[in-house]
Amino acid sequence: MKLKLLNDSPLHIESECLVIGVTGEGQLSTTAQDLDEASGGEISRMLETGDIETGLGKTTLIHGLKGLSARRVLVTGLGKQEKLDRPRFDRACLAAGKKLRNHAVRSCHISIHDVEFCGTTPQWRLRQAALGIHRGNYLYTITKPLKDDSPVPLESAIFPGDDTFRSSLAQAESFALGFEKARELGDLPPNICNPAYLAQDAVSIASHHENVELEILEEEDMAELGMDALLGVSRGSANRSKLIVLRYSGASEDEQPIALVGKGITFDSGGLSIKSGENMMQMKYDMGGAASVMGAFLSCAKLQLPINVVCIVAAVENMPDGNAYRPGDVLTSMSGKTIEVLNTDAEGRLILCDALTYCEKFNPRVVIDVATLTGACVVALGHHATGLMSNSDELADDLLAAGDAIVDRAWRLPLWEDYQSQLDSPFADMKNVGGMAGGVLTAGCFLSRFMEDRIWAHLDNAGSAWKWGDDIGATGRPAGLLAQYLLNQSGIVAS
Ligand code: BES
Ligand code: MN
Ligand code: ZN
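Residues numbered from 1 in each chain as written. Chains lettered and ligands numbered in written order. Predicted model: local features only at pLDDT ≥ 70, side-chain atom pairs only at ≥ 80, totals over all residues. Heavy atoms only, no water.

## Looking at a nonpolar patch on the surface
So, point 1. Taken together, the side chains of Met281, Trp468 and Ile472 make up a nonpolar region of the molecular surface, amounting to roughly 310 Å² of accessible area.
So, point 2. One can find Trp468 in the loop between strand 18 (466-467) and strand 19 (473-474).
So, point 3. Taking the relative accessible area as the measure of exposure, Trp468 reaches 40% and is therefore partly exposed. (Patch = residues over 30% accessible without salt bridge, like charges linked within 9 Å, V, L, I, M, F, W, Y side chains within 5 Å. Areas by Shrake-Rupley, 256 points an atom, 1.4 Å probe, with all protein chains shown as cover. Salt bridge = Lys/Arg side-chain N within 4 Å of Asp/Glu carboxyl O. Helix = DSSP H or I, 4+ residues; strand = E, 2+ residues; numbered from the N terminus. Buried < 20%, exposed > 50% of the residue type's maximum accessible area, 1.4 Å probe, protein only.)

Pasting the structure below:
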């Protein structure tokens, strides 16, 4: 879907559909006022009679409104004016995007960014509107192509605005493509999206963008480096693991890169500590960390940000077979630290610890890993916040702020030393599980042992990477948070 700018009054645009926003009991936005005047007060009347719904996320489609050139008007409810904030605005934009996806229109003009609310600029509102429409318009078609009765996604969305909106739209577009990439990878079935597929996708990212280099480490390479924790997990699978290393150079060579490290378990059966059948099918999403770092990397490459980034994806499948690693095994990680495996289902930390040690090679100024690491994170934070743990207050604050700015939010959890002893083992430097209490925290503690001398943060997206039940599918999160963080780090003033 294309996003475009057009410096023209919405009133005179010949369009299949014009999209506006209204708040309850508030003032009409400029566009709504114009439409109201042109139609002889029709908008006001419909608001009064309740024919236009102003509730948050509600949409009303009006056909043949007099006095304007557009064939239809879609009104997006933004809820009460005094309650309107960034997350609510975002929800309304997503709702409008989804409505448009499911409707026959293929192209529309969107003017929601003239609805003012606390502390936001029109540039930010346009960016979020464009991003929200794009995200709402997402439809997975790779293994279920469009049919006659399928939703009809938009082909283009056009926003009224002058040149001062150009970079906002460019940000929206690259962020949207990052989210889309992460969602597509997540939604693909595990028989297609295996480690080799992720590697192939990285090949395509590298070949389509400037300043991007790619290296793929095979199992033999990893064995040589001593990555026995990662390879331990991999042993029960017929699919060979890949360590994918994407490098983006937007700044001079001597500038330290930001490292993004993703958990790419393309299917997590649990291994010999096998999961129950009930929820196992959801574990195709266990590469959600990898998907989000690849998405954010793509956004960065599209924007050609003036920073250096290295993106490392540990792509592995966790399966049980005669070769599989066992509960009781002791693995020696690349760092030299030994790990007693008490549960083969706590595999994410085992592949990540080696990926984290490997990334030392790039002398990164900051390391951020993303992983669908623990069911405990879902229990703690539900599906709305990504869990954040960090050994640096500054980095944690930067990531939280980035999440707020793009409405892809995280919430910080403690990384206190107090939790570390839960990982003590009589047979190795540590065990790979810390017991029932604070499962999300002991997972973070485990990783922290491999990042002792780095500024590092861990994002647990087990709850935020996908939705189950209604509205099923990958979210791509936190690709947006990461992309916004990279944008902020490049010193470009965000919109
Ligand atoms: N990929 C799972 C975590 C997960 C579970 C994410 C449910 C999303 C929804 C991870 O590999 C896992 O199995 N973790 C175990 C750890 C435990 C054995 C210490 C878990 O959370 O149960
Ligand atoms: Mn697992
Ligand atoms: Zn897992």
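## Observations regarding the site of ligand 1
So, point 1. Among the 16 residues in the neighbourhood of ligand 1, the closest are listed as Lys275, Asp286, Asp345, Glu347 and Gly375.
So, point 2. Between Leu373 and ligand 1, the recorded distance is 3.5 Å, taken from a backbone N or O atom to a nitrogen atom.
So, point 3. Within the complex, the protein chains bury 77% of what would otherwise be the 510 Å² of accessible surface of ligand 1.
So, point 4. Under a 2 Å grid-point criterion requiring more than half of the atoms, the pocket assigned to ligand 1 is the second largest pocket.
So, point 5. A breakdown of the residues in the shell around ligand 1 according to their chemical character gives five nonpolar, four polar and seven charged. (Near = heavy atom within 4 Å. Polar contact = N/O pair within 3.5 Å; in protein donor to acceptor, adjacent residues only side chain to side chain. 1 Å grid on protein atoms, 1.4 Å probe; cavity = no way out; pocket = protein on both sides within 12 Å on 5 of 7 lines; lining within 4 Å. Sits in = over half its atoms within 2 Å of the grid points. Nonpolar A, V, L, I, M, F, W, Y, C, P; charged D, E, K, R; others polar.)

## Things to note about the layout of surface pockets
So, point 1. In this structure, the largest pocket spans a volume of roughly 1,000 Å³.
So, point 2. Forming the boundary of the largest pocket are 32 residues, of which Leu94, Arg135, Lys467, Asp471 and Thr475 lie nearest the centre.
So, point 3. Ranked by residue count, the leading element in the lining of the largest pocket is helix 3 (residues 86-102), at seven residues.
So, point 4. Tallied by class, the residues present in the lining of the largest pocket amount to eleven nonpolar, six polar and 15 charged.
So, point 5. Viewed by domain, the lining of the largest pocket spans two of them, domain 1 (2-161) and domain 2 (175-490), each represented by three or more residues.
So, point 6. Here the second largest pocket defines a volume of roughly 700 Å³.
So, point 7. Lining the second largest pocket are 31 residues, with Lys275, Leu373, Thr374, Gly375 and Ala376 positioned closest to its centre.
So, point 8. Listing elements by their share of the lining of the second largest pocket, those giving two or more residues are strand 9 (258-268), helix 9 (277-280), helix 11 (348-359), helix 12 (375-381), helix 14 (439-448) and strand 18.
So, point 9. The biggest single contributor to the lining of the second largest pocket is helix 12, with three residues.
So, point 10. For the lining of the second largest pocket, the residue count by class is ten nonpolar, 13 polar and eight charged. (Points joined across faces, edges and corners; volume = space filled by probe spheres on them. Domains from an automatic or database assignment.)

## Describing the domain arrangement of the protein
So, point 1. Considered domain by domain, the protein is made up of domain 1 (2-161) and domain 2 (175-490).
So, point 2. Here domain 1 and domain 2 have C-alpha centroids that lie 36 Å from each other.
So, point 3. Across the domain 1/domain 2 interface, buried area totals approximately 1,500 Å², and carbon plus sulfur atoms make up 61% of it.
So, point 4. Three residues stand out in domain 1 for area buried against domain 2, namely Arg127, Arg135 and Tyr138, and they jointly supply 39% of the buried area on that side.
So, point 5. For the pair domain 1 and domain 2, the number of links is one salt bridge.
So, point 6. In this structure, Lys98 engages Asp471 in a salt bridge whose closest nitrogen and oxygen atoms are separated by 2.9 Å.
So, point 7. Taken together, the links from domain 1 to domain 2 amount to seven residue pairs in polar contact (both at pLDDT 80 or more).
So, point 8. At six residues, the largest contribution of residues to the side of domain 1 that touches domain 2 is made by helix 4 (residues 122-136).
So, point 9. Considering only residue class, the side of domain 1 that touches domain 2 consists of six nonpolar, three polar and five charged. (Buried area = accessible area lost by both parts, 1.4 Å probe.)

## Considering the state of the cysteines
So, point 1. One pass over the structure, following the stated rule, counts zero disulfides.
So, point 2. Cys311 supplies the cysteine sulfur nearest to Cys359, a cysteine that is in no disulfide, at a spacing of 11 Å. (Disulfide = S-S within 2.5 Å.)

## Side note on the sheet that holds strand 5 (residues 107-111)
So, point 1. Read across the open sheet, the six strands follow the order 1-6-5-2-4-3; overall the sheet is mixed. Among the strands making up the open sheet, the edge pair consists of strand 1 (2-6) and strand 3 (59-63). On average, each strand axis in the sheet is inclined to that of its neighbour by 30°, with strand direction left out of account.
So, point 2. Bridge analysis of strand 3 against strand 4 (residues 72-80) gives five bridges, and the strand direction is antiparallel. Across the sheet, the residue bridging to Ile62 is Val73, located in strand 4.
So, point 3. Helix 3 rests against strand 2 (18-24), strand 3, strand 4 and strand 5 of the sheet, and its axis sits at about 150° to strand 4.
So, point 4. Most of the contacts of helix 4 go to strand 6 (residues 156-160), to which it runs at about 165°, and overall it touches strand 1, strand 5 and strand 6. (Pairing = 2+ DSSP bridges. Axes fitted to C-alpha atoms, helices over the stretch in contact; angles between N-to-C directions. Contact = heavy atoms within 4.5 Å.)

## Some words on the nonpolar core
So, point 1. Counting residues in each nonpolar core, the largest one holds 56 residues, and the members touching the most others are Leu198, Leu260, Val313, Ile368, Leu482, Tyr485 and Leu486.
So, point 2. Of the residues forming this core, the biggest block, nine residues, is contributed by helix 10 (residues 288-303).
So, point 3. Per-domain counts for this core show at least three residues from each of domain 1 (2-161) and domain 2 (175-490).
So, point 4. Setting aside residues up to four positions removed in sequence, Leu260 forms contacts with Val293, Ala296, Val309, Val310, Cys311, Ile312, Ile368, Leu482 and Leu486.
So, point 5. By size, the runner-up hydrophobic cluster in this structure holds 41 residues, among which are Leu217, Val261, Val310 and Ala355. (Core = buried A, V, L, I, M, F, W, Y, C linked by side-chain atoms within 4.5 Å.)

## Observations concerning the coordination of the manganese ion (ligand 2)
So, point 1. The protein atoms donating to the manganese ion (ligand 2) are Asp268 (OD), Asp345 (O), Asp345 (OD) and Glu347 (OE), with metal-donor distances spanning 2.1 to 2.2 Å.
So, point 2. Here the manganese ion (ligand 2) is ringed by six donor atoms whose angles at the metal span 71 to 169°, and the overall shape comes out irregular.
So, point 3. Each donor residue of the manganese ion (ligand 2) belongs to the same chain, and together they define the spacing D-x76-D-x1-E.
So, point 4. The distance between the manganese ion (ligand 2) and the zinc ion (ligand 3) is 3.1 Å, with Asp268 acting as a donor to both metals. Placement of Asp268 in strand 9 and of Asp345 in the loop between strand 12 (338-340) and helix 11 is noted, with a sequence separation of 77 residues between them.
So, point 5. Of the residues examined, Asp268 reaches a relative accessible area of 2% and is grouped as buried. (Donors = N, O, S within 2.8 Å, 3.2 Å for Na, K, Ca; no water. Tetrahedral: all angles 85-135°; square planar, octahedral: opposite > 155°, others 65-115°.)

## Digging into the packing of aromatic side chains
So, point 1. The full count for this structure, using the stated rule, is eight aromatic pairs.
So, point 2. Seen from their ring centres, Phe117 and Trp124 are 6.4 Å apart, and the 80° between their planes marks the pair as edge-to-face. Comparing Phe117 with Trp124, the two get one shared label, buried.
So, point 3. An angle of 15° between the planes, with centres 5.1 Å apart, marks the rings of Tyr285 and Trp466 as stacked. Note that Tyr285 is positioned in the loop between helix 9 and helix 10 and Trp466 in strand 18, a separation of 181 residues in sequence.
So, point 4. Since its relative accessible area comes to 8%, Trp466 is described here as buried.
So, point 5. Of note, Arg86 hangs over the ring of Trp124, and the distance from its end group to the ring centre comes to 4.7 Å.
So, point 6. A cation over a ring is seen here: Arg135 above Phe179, with NZ or CZ 4.0 Å from the ring centre. (Phe/Tyr/Trp six-rings, centres within 6.5 Å; stacked < 30°, edge-to-face > 60°. Lys NZ or Arg CZ within 6 Å of the ring centre and 35° of its normal.)

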